[in-house]
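# Residue-level structure breakdown
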Amino acid sequence: MDLGPRKNHQLCGGYWFAFNMEYWKELLLLGLLCTLGECHPECDQGFKSESRTCIDVNECEEGLCGENTKCFNTNGSFYCQCLPGFKNNNGDFNFTLGGHCQDFNECTGVDNICGHAANCSNRIGSYMCTCHFGYTNANWSTGNCQDIDECKEADDKKEDLCGVKGTCTNSNGSYWCMCSKGYTNYGNERTTCSELDCDSFNGNGRPAPSLEGLADILFMMRNSCLALSDPSTAGEGNTDGNVLLQKLFTGAEAILAPGLDSSEDVSRLLGVVENAIMLIGPQLKDGRTKSVTNETDAEIAVQRGTTPPIGPIHLTNENATLDTDWTTAAGMGSYPGFALAALLSYKNLEISVNRSFNKLTGHEKDGVNPSFQISSRVVSVVVSNPSTQNLSRHVNITLRHLQDKEESAKLSYICAYWNESGAWSTDGCYQLCSNATHTVCTCKHLSSFAVLMALYDIEHTFGLQVVTKIGLAITLVCLILCILTFKFCHSIQGTRTTIHLHLCICLFMADLIFLAGISQTKPVGGCRFVAAMLHYFFLGVFTWMLLEGVQLYRMVVLVFNASIRPLYLFLTGYGTPLLIVVISAIIRPKGYGTDQYCWLSQDGLIWSFYGPVCFIIIFNVFFFIVTVWKLAQKFTSLNPDLSKLHKIRAFTVTAIAQMCILGLMWVFGAFLFQKGTTVEAYIFTILNSLQGALVFLMHCLLSKQVRDEYAHFLSCVCTPQKKRYSDFSTTNPSSSQSQASRSGQHTGESQI
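Residues numbered from 1 in each chain as written. Predicted model: local features only at pLDDT ≥ 70, side-chain atom pairs only at ≥ 80, totals over all residues. Heavy atoms only, no water.

## Quick notes on the overall build of the protein chain
When you go through the protein chain residue by residue, the secondary structure sums to 17 helices and 27 strands. Looking at the protein chain residue by residue over its 752 residues, the buried ones come to 43%. Looking at the protein chain alone, contacts between residues at least 24 apart form 62% of all its contacts between residues at least 6 apart. With the model as given, the accessible surface of the protein chain reaches about 40500 Å², and the carbon-plus-sulfur share is 58%. (Helix = DSSP H or I, 4+ residues; strand = E, 2+ residues; numbered from the N terminus. Buried < 20%, exposed > 50% of the residue type's maximum accessible area, 1.4 Å probe, protein only. Contact = heavy atoms within 4.5 Å. Areas by Shrake-Rupley, 256 points an atom, 1.4 Å probe, with all protein chains shown as cover.)

This is the structure in structure tokens:
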């Protein structure tokens with residue numbers, strides 16, 4: 001049904017009414033919110049509301065760009081840039097989020113950033129330029145390296161950069177020295193010009209037939225020397241140092257293989273090789289060069305630089321070791337731009353130089369001159385120091401022995417060098433230490449060295465040692481019996497018995513020490529003590545023998561009071577030898593003990609023994625002559641006491657015999673420790689062995705009183721107990737009378 005216009009109007013009016021109701025609700029709500037204060041304007045991204053106003057947010061303060069960046073704030077936004085030396089991994093110069101700055105390597109990313117005269121070193125966020133040698137004043141950012149004019153700087157500082165005969169020429173980043181004729185820098189352009197002595201390779205006359213190969217070496221080295229001193233000279237001089245060194249040792253091998261005939265040939269070869277090494281060494285490419293052939297073993301060390309090198313040098317091969325320092329090798333004079341040290345060992349040259357020992361003096365031991373042998377390889381030491389005859393410091397050379405032998409009384413090692421006259425000498429060299437395998441020599445100069453073995457011929461044969469030990473053992477037993485007899489045999493007690501007792505004690509101690517310690521030369525202190533004790537006790541023997549002569553003289557000349565007080569006997573018998581030994585030890589303490597035996601040295605101290613001995617023998621001879629003369633007078637006098645005179649005569653005969661044996665023994669003892677005196681040594685040993693037996697025979701076995709005492713002692717020991725008891729308890733007049741008469745006889749003899 002058609003409602004018509006009215007109907008439509010009603011429908012539209014209802015809708016409008018509903019719309020208006022919604023609008024007014026919202027408007028009312030908005031007004032309520034505004035009334036309550038919660039109404040704010042809405043801001044865009046990058047802004048924030050503040051006091052009802054939208055203002056810009058500074059994102060840079062929040063660190064949004066990351067490390068190694070610089071942040072730029074904009075109105076409502078921001079952007080980031082990498083710091084210098086860093087690059088964004090995305091490639092964008094400006095970025096916001098998602099970018100990352102990492103180090104940029106300018107050395108590879110920019111062509112020739114430091115220039116042609118510098119090296120570029122990258123750093124985190126930067127780089128550094130280092131100028132090449134010969135350039136300076138580098139700017140790390142631009143690499144502005146400028147050439148150094150070394151020649152001008154040397155002139156300003158009054159320095160002699162190229163030497164007296166060198167001309168300095170500057171070049172881009174360096175300089176070079178032009179040497180005058182006769183001078184060279186050995187191909188090193190920045191080295192001082194050194195004078196060359198090419199005449200040292202001329203050779204004096206034609207070499208001996210055994211040295212034909214030496215002429216070739218001299219020709220080769222002369223050409224090399226001339227080429228170095230004048231580049232226009234033709235020849236072999238352009239050969240490099242290593243090849244030249246090989247040719248040198250090949251030529252030397254041809255000369256050494258058959259051996260050398262004379263000392264002059266050895267000296268010439270050693271001199272040429274040393275001069276050649278001095279010329280070749282600076283031309284070697286490496287700092288250390290070794291060369292080994294069948295005849296030689298060499299090691300050469302070279303240091304180059306504008307200043308003299310410092311530090312130790314240690315060169316070694318199979319047979320030798322060199323220990324020195326670069327200061328000694330370079331010397332204290334002008335520095336030529338290099339320093340050289342070489343150790344050269346000859347493997348078979350010792351066969352050719354095992355002679356020429358006539359210049360070696362001062363190595364005698366107790367009058368024995370040694371024979372010499374080469375005990376190591378011959379070793380040459382070469383340094384660039386021109387003053388090798390008086391070095392500022394000692395050089396140590398360790399040499400290996402050809403045979404492993406320890407030093408002894410018969411053998412010692414000596415450090416020697418081959419001098420200019422073609423002979424071995426020891427001046428300026430001495431042994432630092434030695435063992436069975438090596439000897440360390442220290443020297444104040446340089447040359448060719450070797451260890452010599454000094455052999456001392458001491459002819460103490462095995463037979464002599466056997467005779468000495470057996471003979472002294474017998475005499476010690478006899479002396480013990482004499483000491484016991486003189487001490488405990490009461491029937492013979494008196495002044496003479498006291499003298500005999502202490503004479504035997506001194507002789508026993510002397511022989512015992514002689515047997516045990518005469519050859520014990522180590523340690524030195526113990527050997528000196530043994531020598532001093534032998535000196536003391538042998539002097540004691542002669543002193544007591546002198547007292548016996550004095551006692552016999554008093555018995556014959558003096559009628560009453562012929563005995564000597566024991567105190568005077570002891571002071572003389574023991575005090576006099578002690579005084580002599582003490583004075584000798586104070587004056588010559590090192591004279592006691594030698595390298596071969598523990599006795600007095602033959603360089604003067606021996607007379608502290610033989611002097612008193614000769615004095616005692618002379619006095620005893622005088623006393624014995626007077627005694628015999630007086631005895632002869634008494635025998636011819638009226639009513640002589642024949643019994644007493646016969647006993648004095650017997651005493652005198654035994655004393656003279658004893659003095660003759662002892663004095664004769666030491667006549668041969670003077671030659672005991674000298675070379676070629678084997679016969680004298682046997683005679684001395686036999687006479688020394690007879691001393692104890694002679695004393696026991698003359699003073700004990702030939703004395704009736706002592707024999708009776710021995711028989712009585714043996715009867716007491718061997719007779720059974722019962723028999724001995726009955727003998728003691730049974731008495732009779734005849735036995736008592738016999739004992740009384742024997743006792744009186746003994747008493748009378750003992751008083752004498």
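## Focus: a nonpolar patch on the surface
Taken together, the side chains of L578, L579, V582, I583, I586 and I587 present a nonpolar region at the surface, about 600 Å² in accessible area. Positionally, I583 belongs in helix α11 (residues 566-587). Judged by its relative accessible area of 43%, I583 is partly exposed. (Patch = residues over 30% accessible without salt bridge, like charges linked within 9 Å, V, L, I, M, F, W, Y side chains within 5 Å. Salt bridge = Lys/Arg side-chain N within 4 Å of Asp/Glu carboxyl O.)

## Here's the deal with the nonpolar core
Ranked by internal contacts, the top residues of the largest apolar core, which has 55 residues, are F486, L534, W599 and F609. Elements with a minimum of two residues in this core: α8 (462-488), α9 (495-517), α10 (524-557), α11, α12 (607-635) and α14 (678-701). Here this core takes 15 residues from α10, the largest share from any one element. The next biggest cluster of nonpolar side chains, apart from the first, holds 53 residues, and it includes L211, I255, L256 and L344. (Core = buried A, V, L, I, M, F, W, Y, C linked by side-chain atoms within 4.5 Å.)

## Some details on the pairing of strand β19 (residues 338-346)
Summarising burial for β19: nine of the nine residues are buried, a large majority. With burial as the criterion, each face of β19 is covered, one bearing F338, L340, A342, L344 and Y346 and the other bearing A339, A341, L343 and S345. Bridge count for strand β16 (residues 296-304) against β19 is nine bridges, and the pairing is antiparallel. When the sheet's bridge partners are listed, R304 is paired in β19 with F338. The sheet contact formed by β19 and strand β21 (residues 378-383) spans six bridges and is antiparallel. Within β21, the residue paired with S345 across the bridge is V379. (Pairing = 2+ DSSP bridges.)

## Remarks on the packing of α9 against α11
The geometry of α9 relative to α11 is characterised by a closest axis approach of 12 Å and an angle of 25 degrees between their N-to-C directions. Overall, the two elements α9 and α11 adopt an arrangement that is roughly parallel. The way α9 lies across α11 gives a crossing that is right-handed. Counted together, T495, T498, I499, H502, I505 and C506 of α9 and L569, F570 and Y574 of α11 form the full contact between these two elements. The residue inventory of the contact of α9 with α11, partitioned by class, reads six nonpolar, three polar and no charged. (Axes fitted to C-alpha atoms, helices over the stretch in contact; angles between N-to-C directions. Parallel < 35°, antiparallel > 145°, perpendicular 65-115°, else oblique. Left-handed = near helix turned anticlockwise from the far one by under 90°. Nonpolar A, V, L, I, M, F, W, Y, C, P; charged D, E, K, R; others polar.)

## Focus on helix α6 (residues 263-280)
Spanning 18 residues, α6 covers 26 Å between terminal C-alpha atoms, matching the ideal 26 Å at 1.5 Å per step. Turning to α6, its buried residues are S263, D265, V266, L269, L270, V272, V273, A276, I277, L279 and I280. (Expected span 1.5 Å × (residues − 1).)

## Quick look at the sheet that holds strand β17 (residues 312-316)
The strand order across the open sheet built from five strands is β17-β18-β22-β26-β25, with neighbouring strands paired in antiparallel fashion. Whereas interior strands pair on both sides, the edge strands pair on one side only; in this sheet they are β17 and β25 (429-434). Pairwise comparison of adjacent strand axes, ignoring direction, gives a mean angle of 20 degrees for this sheet. Across four bridges, strand β18 (residues 320-325) lies against strand β22 (residues 395-400) in antiparallel orientation.

## Here we look at the state of the cysteines
Considering all chains together, one arrives at 14 disulfides under this definition. Between C131 and C145 runs a disulfide, and the two sulfur atoms are separated by 2.0 Å. On the sign convention where negative means left-handed, the S-S torsion of about -90 degrees between C131 and C145 marks this disulfide as left-handed. Pair noted here: C131 is in strand β8 (residues 126-131) and C145 is in the loop between β9 (135-136) and β10 (146-147), with a separation of 14 residues, a long-range link. Residue C131 is classed as buried on the basis of its relative accessible area, which comes to 19%. For C151, the disulfide goes to C168, at an S-S distance of 1.9 Å. Handedness here is read from the sign of the S-S torsion; for C151 and C168, about -75 degrees, the answer is left-handed. Of the two residues, C151 is situated in helix α3 (residues 150-156) and C168 in strand β11 (residues 166-171); the sequence distance between them amounts to 17 residues. For C433, which is in no disulfide, the shortest distance to another cysteine sulfur is to C415 and amounts to 9.2 Å. Classification of C433 by relative accessible area gives partly exposed; the value is 41%. (Disulfide = S-S within 2.5 Å.)

## A few points about unusual backbone geometry
The phi angle of most residues is negative, glycine excepted, and most peptide bonds adopt the trans form. Despite not being glycine, N68 has its phi angle at roughly 55 degrees, a positive value. As for its placement among the helices and strands, N68 is situated in the loop between β2 (53-56) and β3 (69-74). We classify N68 as partly exposed; its relative accessible area is 30%. Positive phi outside glycine occurs at N112, with the angle close to 50 degrees. Along the chain, N112 falls in the loop between α2 (106-109) and β7 (118-123). Here N112 falls in the exposed class, since its relative accessible area comes to 56%.

## Here's the deal with the environment of F514
Here F514 is to be found in helix α9. Spatially, the C-alpha atoms of F514 and L534 are 6.9 Å apart, while their sequence positions differ by 20 residues.

## Notes on the pattern of salt bridges
The final tally for this structure, using the stated rule, is seven salt bridges. With a shortest N-O distance of 3.2 Å, D156 and K152 are connected by a salt bridge. Here the residue D156 and the residue K152 both occupy positions in helix α3, the gap between them amounting to four residues, near one helical turn. A relative accessible area of 49% means that K152 is categorised as partly exposed. The residue R377 makes a salt bridge to E350 at a minimum N-O spacing of 2.5 Å. With a gap of 27 residues between them, R377 in the loop between β20 (371-374) and β21 and E350 in the loop between β19 and β20 connect regions that are remote in the sequence.

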